[in-house]
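Residue-level listing of the chains:
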Amino acid sequence: MAGSAVRSRELTVGELSARSGVPASTLRYYDREGLIHSRRTTGNQRRYTRDTLRRVAFIRASQRVGIPLQEIREAMGLLPEARTPTGKDWAQVSERWRHELGRRIDLLVRIQNKLTDCIGCGCLSLERCALVNPCDVLGGAGPGAGGLQS
């Protein structure tokens, strides 16, 4: 009886998609990549525990702030599998990114502050552009458009 009670609280990929707002194809991708985990039924259908909703929300929020999937995967590996993660678990995981997010925010603020000057400048110069090449940091890397590859 206990097994059927647990299974009744599980979500299908369609239910998880509807509840999370994430396409089923993306959830399957997350599953293949080890970001979330499912069990398979005898009919080979995926079933997710309810705490997967929080894990998916964490993945999406992390992506929105620019965290690469590899870093998200590493962070998710720190979360307990045998129980629903607590607020403390989530805080430990997110703390790993606090410095990097602060650095990105500082960069965006600097760009925002220079945006009007840059648009009005019209220089179209990668050598002098304060937005693309602040302080000509790319000049030391040699000729070419190396900074535009990423």
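Cut-offs used in this document
Residues numbered from 1 in each chain as written. Predicted model: local features only at pLDDT ≥ 70, side-chain atom pairs only at ≥ 80, totals over all residues. Heavy atoms only, no water. 1 Å grid on protein atoms, 1.4 Å probe; cavity = no way out; pocket = protein on both sides within 12 Å on 5 of 7 lines; lining within 4 Å. Points joined across faces, edges and corners; volume = space filled by probe spheres on them. Nonpolar A, V, L, I, M, F, W, Y, C, P; charged D, E, K, R; others polar. Helix = DSSP H or I, 4+ residues; strand = E, 2+ residues; numbered from the N terminus. Buried < 20%, exposed > 50% of the residue type's maximum accessible area, 1.4 Å probe, protein only. Polar contact = N/O pair within 3.5 Å; in protein donor to acceptor, adjacent residues only side chain to side chain. Contact = heavy atoms within 4.5 Å. Salt bridge = Lys/Arg side-chain N within 4 Å of Asp/Glu carboxyl O.

(A) Highlighting the layout of surface pockets. Taken as a whole, the second largest pocket holds about 170 Å³ of empty space. In terms of lining, the second largest pocket is formed by 14 residues, of which the most central are H37, T49, D51, T52 and E81. Taken together, the residues of the lining of the second largest pocket break down into 2 nonpolar, 5 polar and 7 charged.

(B) Focus on the side chain of D31. Note that D31 resides in helix α3 (residues 24–32). Taking the relative accessible area as the measure of exposure, D31 reaches 14% and is therefore buried. One polar contact links D31 to Y48, side chain to side chain, over a distance of 2.9 Å. In contact with D31, not counting residues within four places along its chain, are I36, H37, S38, R46 and Y48.

(C) Highlighting the pattern of salt bridges. This model, assessed by the stated rule, comprises 8 salt bridges. The salt bridge partner of E74 is R96, with a shortest N-O separation of 3.9 Å. Note that E74 is positioned in helix α5 (residues 69–76) and R96 in the loop between α6 (87–95) and α7 (98–121), a separation of 22 residues in sequence. Ionic pairing is found between E100 and R104, a salt bridge with its closest N-O pair at 3.0 Å. One end of the pair, E100, and the other, R104, are both in helix α7, 4 residues apart, so they sit about a helical turn from each other. Residue classification places E100 among the partly exposed residues on the basis of a relative accessible area of 25%.

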